[in-house]
Amino acid sequence: MPGMTTTPDRNRVQLPGISSRAYEHPADRSALVALRKLSGFDTVLKQMSGLISERRLRLMYLASAVRVSETQFRSLYDMGRDAAYTLDLHRIPEIYVQQDPRVQAMAIGFDDPFIVVTTGLLNLMNEEEQRFVIGHETAHILSGHAVYRTMLDILTRLATRVAWIPLGYIGLRAIVAGLEEWYRKSELSCDRGGLLVGQDPEASKRALMKLAGGDYTHEMNIEAFLEQYQEYDTAGDLRDGFLKVLNLLGTTHPFAVVRVAELDKWHRGGEYERILGGDYPRREDDPNARVTDEIKAAAESYRASWSQSQDPFIGVLRDVAEGAVNAGERIFNRFSRRDGSQGGQG
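These numbers come from a predicted model, not from an experiment. (Residues numbered from 1 in each chain as written. Predicted model: local features only at pLDDT ≥ 70, side-chain atom pairs only at ≥ 80, totals over all residues. Heavy atoms only, no water.)

Draft legend 1. Quick peek at the side chain of Arg131. For Arg131, the location among the structural elements is in helix H6 (residues 127-143). Classification of Arg131 as buried rests on a relative accessible area of 8%. Not counting residues up to four positions away in its chain, the partners in contact with Arg131 are Arg12, Met79, Asp82, Val197 and Gly198. (Helix = DSSP H or I, 4+ residues; strand = E, 2+ residues; numbered from the N terminus. Buried < 20%, exposed > 50% of the residue type's maximum accessible area, 1.4 Å probe, protein only. Contact = heavy atoms within 4.5 Å.)

Draft legend 2. Summary view of the packing of aromatic side chains. The tally for this structure, following the rule as stated, stands at 4 aromatic pairs. When the centroid spacing of 6.3 Å and the interplanar angle of 40° are considered together, the rings of Tyr61 and Tyr96 count as tilted. Here the residue Tyr61 occupies a position in helix H3 (residues 54-64), and Tyr96 occupies one in strand E2 (residues 95-98), the gap between them amounting to 35 residues. The pair Tyr61 / Tyr96 is uniform in exposure class, with both members buried. One aromatic cluster is present, built from ring pairs that chain together Tyr61, Tyr96 and Phe114. The ring of Tyr280 is capped by Arg282, whose NZ or CZ atom sits 3.8 Å from the centre of that ring. (Phe/Tyr/Trp six-rings, centres within 6.5 Å; stacked < 30°, edge-to-face > 60°. Lys NZ or Arg CZ within 6 Å of the ring centre and 35° of its normal.)

Draft legend 3. Quick look at the environment of Ala65. Structurally, Ala65 can be placed in the loop between H3 and strand E1 (66-67). In this structure the C-alpha to C-alpha distance between Ala65 and Val116, which are 51 residues apart in sequence, comes to 8.9 Å.

Draft legend 4. A look at the sheet that holds E2. Strand order in the open sheet formed by 4 strands is E1-E2-E4-E3, with mixed pairing between adjacent strands. Taken across any chain shown, the strands that pair with only one partner, and hence form the sheet edges, are E1 and strand E3 (105-108). In the packing of H6 onto the sheet, the strands contacted are E2, E3 and strand E4 (114-118), and the crossing angle to E3 comes to about 25°. (Pairing = 2+ DSSP bridges. Axes fitted to C-alpha atoms, helices over the stretch in contact; angles between N-to-C directions.)

Draft legend 5. Up close: the pairing of E4. When you tally the buried positions in E4, you get 5 out of 5 residues, the bulk of the element. Sheet topology note: the E2/E4 ladder contains 4 bridges and is parallel. Note that in E4 the partner of Tyr96 across the bridge is Val116. Two elements, E3 and E4, share 4 bridges in a ladder whose sense is antiparallel. Residue pairing for E4: Ile108 is matched across the bridge by Phe114. Remark: 5 residues form the turn of the hairpin made by E3 and E4, two consecutive strands paired antiparallel; Gly109 in that turn has positive phi of roughly 115°.

Draft legend 6. Representation of the nonpolar core in the model. Ranked by internal contacts, the top residues of the largest apolar core, which has 47 residues, are Leu15, Ile18, Leu76, Val117, Ile134, Leu196 and Ile275. Among the elements that line this core, the one with the most residues is helix H12 (residues 256-268), at 7 residues. Once residues within four sequence positions are removed from consideration, Val117 is found in contact with Leu76, Ile95, Tyr96, Val97, Gln98, Gln104, Ala105, Leu122 and Ile134. Core analysis: the next-biggest nonpolar cluster, separate from the first, contains 7 residues, Ala65, Ile108, Phe114 and Val116 among them. (Core = buried A, V, L, I, M, F, W, Y, C linked by side-chain atoms within 4.5 Å.)

Draft legend 7. View of the confidence of the model for the protein chain. The pLDDT averaged across the protein chain works out to 77; a share of 62% of its residues lies at or above 70. Across residues 316-325, where pLDDT falls below 50, the model places 10 contacts with residues more than four positions away in sequence or in other chains. Low pLDDT (under 50) marks residues 338-346, which in the prediction has 3 contacts with non-local residues, meaning those over four places away or in another chain. (pLDDT = per-residue confidence, 0-100.)

Draft legend 8. Just the packing of H6 against helix H9 (residues 201-213), in detail. Two elements in contact, H6 and H9, have axes whose closest approach is 8 Å; the angle formed by their N-to-C orientations is 85°. Regarding the angle of H6 to H9, the classification is roughly perpendicular. Packed against H6, whose contacting residues are Glu128, Glu129 and Phe132, the element H9 presents Ala203, Ser204, Arg206, Ala207, Leu208 and Lys210 at the interface. (Parallel < 35°, antiparallel > 145°, perpendicular 65-115°, else oblique.)

Below, the structure is given as structure tokens:
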């Protein structure tokens, strides 16, 4: 009917009871499954993060930003409702629009998470691309990524405070670097989640490409952008591979060309279609997920990434990394056998 803004432009597949494990990158999923097994971990972390008050932040955005609703930013309100419906969330997260020229979006909070998007992002992206972003942030909420992100923030601040203690700082920086690697993988996870919400592969990849080239899609080409990834992946020599590793230090998001390539690979690999067809893990089975199985899946994912990469620097590191992975698998296999003997079939 004319004037009806609640009618979707097309039907999208709902995913009843979908577990976040369906879209999470193996390295992200293994860490999250392990965390979920630690009873009370999130409670302890909330106490540690006393200065990061969810209630305080909500009040701040309530006072300084615009909360979307049926009468404010109606299209975003509909996207948030549709995202919650598609991923089968029992509660629709609030969305706030903040005046800021930077292109940003984030999901905030433990108990009652909400989403913030900037006007810079709204100005850059059309509705289908915005839908992907809202889906991406909703996927962060379903995965419970706020727990790990808070831990990264706490440790990063702690590392700066003990920088004058060499050994303490080095140890903390190693942990922070590991958390940053997880953080980057969590972004790849939620790019997949955003695609599952929007169900428009081209719009999803276009949104990520805009993070690199801005609102000039008429001047850009997805296939050419993917060719950039191939050039980036192959590098030139060992020096380029080493410099790529250095460029990642201190970053929490993969580079745009990597995100587009990873999402394209996942989309074309068949998993996306299987999930839309109803073949995906359910939330009700999350307690039965085995940490050892997820660790193995993460190791296999890294192995596959190493074997497919043509970066000569990765080739040099591959043997060392393979040794570490094999040693880790032997340890987890030992624990797995112990679990099996004590608890029967898992």
